[in-house]
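Spelled out from the first residue to the last, the chains are:
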Amino acid sequence: MITLAKPVITQNDKKAVLGVLSSGKLSAGENVAGFEAAFSRYHSTRHAIAASNDTTALHAALLALGIKPGDEVLCPAFTFIATANAVLFCGAKPVFCDSDMHTFNISANDIERKLKSNKKIKAVIMVHLYGLACDMRAIRRIVKKHKLLLIEDCAQAIGAQYAGKKAGTFGDIATFSFYATKNMTTGEGGMIITDDKRLAARCRLLVNHGRTSRFTHDILGYNYRMTDFQAALGLSQLSRVNALNNKRIQNAKRLSAGLKNLSWLKTPYVPPGYKHVFHQYTVKIAQGRERLMKYLEKQNIRCALFYPIPLHKQKLYKKLGYGKVRLHNAEKLANQVLSLPVHPALSKKDLNKIVSAVKSYGKN
Ligand SMILES: *Cc1c(COP(=O)(O)O)cnc(C)c1O
């Protein structure tokens, strides 16, 4: 069976976690502090705040930025639902933008279009989807011109780069996920990074009951903390994340070399100047996607649709009045994308099997 994802847990990972479990100090302690320090070093940012997952990290980041009821926040419709739900948690309103057909990322043109007709927009959440950074040049220009806040949802993009700069260092604040299938994992977990001291201090309060000392609570906060054994796993994984990403990149190269000349399938596009870290290896298939999926499943190759339903078409958002929203590309992509296995635990043989299975399907 070739699975779609597989966490790579080494002996060192296990040792690190067991060490904390044996210490008796399970809640946030020196490993959380160490993981935060290592994470901010990795990104060359001033501050990092650990959280229980990326969804809570996003919520805290938006609150720290001052997003409140009455505000509107741009975000892609073609993403995981947590991105937009974090806006709802703040009582604010997500405004869905269309995506680019080639990069799958939020369309800078559509951001500009939405800004023309809407004066309530305070911020943009970018999602560096599948591990490819967004169109940072265009988006940074727009954000500056309209004085918007910029949040990066880097759940899928740790280590991704544009122009030699890491994802998570382009905006005011960025968040990460360490869910089991992400490029590095702590089972569940998240992180916030920022260069802004004031934002960092607010996030630190928000994830820990607004607590300023043992018995004092200054603002309404939450329990969004990470445990110390998760942080120990995170530290250990972070030390290998570049190697894990490089393996994904190599695997993607092999898949793309094997699949490049198929008229009915488009391999992922990596624009010049970008380092794509291939959280997902996602191809586009104009027709017959479901049949190909079944064909691959029969050969014990798992694949998946990220995402079959754009957010404005989800029942939750339809009930909230988004039923009439039309986003041509997001809707089209939802019908065309297919993610094939690309995780670091794949062997050359696995990759060859995936390539020949896809190719043999085309011959039928
Ligand atoms: C995984 C993911 C999330 C949610 O992360 P959790 O850590 O599971 O809360 C949010 N946004 C995107 C784009 C994701 O891929």
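Residues numbered from 1 in each chain as written. Predicted model: local features only at pLDDT ≥ 70, side-chain atom pairs only at ≥ 80, totals over all residues. Heavy atoms only, no water.

1. Things to note about the site of the ligand
Put simply, the rule is: Note on terminology: near, applied to a residue and a molecule or strand, indicates that one of the residue's heavy atoms is within 4 Å of it. Distance and chemistry together define a polar contact, namely a pair of N or O atoms within 3.5 Å, with one atom able to donate a hydrogen and the other to accept it when in protein, and with adjacent residues in sequence counting only for side-chain atoms on both sides. The Shrake-Rupley method, run with a 1.4 Å probe sphere, supplies the accessible areas, and residue values consider only the shown protein chains as cover. In this description a helix means any DSSP run of H or I spanning at least four residues, a strand means any run of E spanning at least two, and both kinds are numbered starting from the N terminus. Note on residue classes: Ala, Val, Leu, Ile, Met, Phe, Trp, Tyr, Cys and Pro are nonpolar, Asp, Glu, Lys and Arg are charged, and everything else, Gly too, is polar.
Near the ligand, the surroundings consist of 14 residues, among which T55, D153, Q156, S177 and K182 are the closest. Interatomic distance of 2.8 Å between a side-chain N/O atom of D153 and a nitrogen atom of the ligand. In this structure, Q156 approaches the ligand through a side-chain N or O atom, which is 2.8 Å from an oxygen atom. Considered on its own, the ligand offers 380 Å² of accessible surface; in the complex 92% of this is hidden by protein. Listing elements by their share of the shell around the ligand, those giving two or more residues are α3 (54–64) and α4 (82–89). Among the residues forming the shell around the ligand, the class breakdown is four nonpolar, seven polar and three charged.

2. Details of the nonpolar core
Note the cut-off: The definition of a nonpolar core used throughout is a set of buried Ala, Val, Leu, Ile, Met, Phe, Trp, Tyr and Cys residues joined through side-chain atoms within 4.5 Å. Burial classes: relative accessible area under 20% of the type maximum marks a residue as buried, over 50% as exposed, and values in between as partly exposed (1.4 Å probe, protein chains only). Should any heavy atoms of two residues lie within 4.5 Å, those residues are considered in contact.
In terms of nonpolar packing, the biggest core is built from 45 residues, with F78 and F96 touching the most fellow members. If you list the elements that add at least two residues to this core, you get β1 (47–51), α3, β2 (72–76), α4, β4 (121–127), α7 (197–206), α11 (315–322) and α12 (328–336). In terms of residue count, the dominant contributor to this core is α3 (six residues). The residues contacting F96, other than those within four sequence positions of it, are C75, P76, A77, A84, D110, K114, L311, H312, Y317, Y322 and L327. Listed in part, the 27 residues of the second largest apolar core include Y281, C303, L340 and V358.

3. A look at the sheet that holds strand β13 (residues 274–275)
Here is the rule we go by: DSSP bridges decide pairing: two strands pair if at least two such bridges lie between them.
Taken in spatial order, the three strands line up as β7-β6-β13 in an open sheet, and their pairing is antiparallel. The sheet is open, and its two edges are formed by β7 (165–166) and β13, each paired on a single side. Two elements, strand β6 (residues 161–162) and β13, share two bridges in a ladder whose sense is antiparallel. By the bridge assignment, Y162 is partnered in β13 with Y274.

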